Amino acid sequence: MEKKNKGKVYRQSRSNRLVHWLTAASIFSLIITGFGQMPVYKRYNVVKIPGAEWLGDYSITLILHYIGAIVLIFIVFYHIFFHLLQKQFDIMPKRGDVKESVQIIKAMITKGEEPPSEKYLAEQRLAYAAIGIVVLFLILTGFIKIAKNANLFDVPQTLLTITTNIHNFSTIGLIVLIGAHLLAFIIKANRKLLPGMFSGFVDEDYVKHRHPLWYKKLKK
């Protein structure tokens, strides 16, 4: 049952918002502390900035990295099981999403008409899948690295090297995807989505215009 607010449409549930912001916080902490393992901050004198000395302490950044990883793993499992139980699959990629994404981007550039969309735009579904895959790679490779550090089992050097490379490249990939996600809000049409991640509600006229297929379902 959709919540009601005059002139607004309830787009993001409390659960979705919780997942979004906890994921953002944990990933941000993982990136910051992950670079502290290299050690980048000492090399570029970041540790000399007042209040940033702890970034050069390997033991501190390692513990914080593990805490961030625990939060991320918990929220990923919660997200998966919650949506399976609720049978909510609106964000999952669909056949034709690549073609539709090209059409939407072309329409944005030429100021033409976009194809009618569901609750999520095609490129949003593709971005969700890409970020999800990268996060899973980070979790899996992270488990192997933890097993090596904790001596849980013997990890061959070749496997460790491959794992480390995948972990590092996945981190770079995730940073690029997050950057693209944030840059998407430079486009005026996308800014209407921002209130949904805070209050849960978005403008009804926006939904009518840009997500007509979803709007029709809501009216039914």
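First, a word on scope: everything that follows refers to the structure included in this document. (Residues numbered from 1 in each chain as written. Predicted model: local features only at pLDDT ≥ 70, side-chain atom pairs only at ≥ 80, totals over all residues. Heavy atoms only, no water.)

**Points about the overall build of the chain**
Stage number 1. Check the secondary structure of the chain and you find eight helices and three strands.
Stage number 2. The order of α-helices and β-strands along the chain, N terminus first, is β-β-α-α-α-α-α-α-β-α-α.
Stage number 3. Taking the principal axes of the C-alpha coordinates as reference, the chain spans close to 55 × 40 × 35 Å.
Stage number 4. Burial statistics for the chain: of 220 residues in total, 34% are counted as buried.
Stage number 5. The contacts in the chain between residues at least 6 apart in sequence include a share of 67% that link residues at least 24 apart. (Helix = DSSP H or I, 4+ residues; strand = E, 2+ residues; numbered from the N terminus. Buried < 20%, exposed > 50% of the residue type's maximum accessible area, 1.4 Å probe, protein only. Contact = heavy atoms within 4.5 Å.)

**Digging into the environment of M92**
Stage number 1. In this fold, M92 is placed in the loop between α3 (58–86) and α4 (97–110).
Stage number 2. Residue M92 is classed as partly exposed on the basis of its relative accessible area, which comes to 39%.
Stage number 3. Here the alpha-carbon distance between M92 and Y128, two residues 36 residues apart in the chain, equals 7.7 Å.
Stage number 4. Setting aside chain neighbours within four positions, we find M92 in contact with R125 and Y128.

**Some points on the pattern of salt bridges**
Stage number 1. Under the criterion given, the structure shown has four salt bridges.
Stage number 2. Across the salt bridge formed by D97 and R125, the nearest N and O atoms sit 2.6 Å from each other. Highlighted residues: D97 in helix α4 and R125 in helix α5 (residues 122–149), separated in sequence by 28 residues. For the residue pair D97 and R125, the accessibility class agrees, reading buried in each case. (Salt bridge = Lys/Arg side-chain N within 4 Å of Asp/Glu carboxyl O.)

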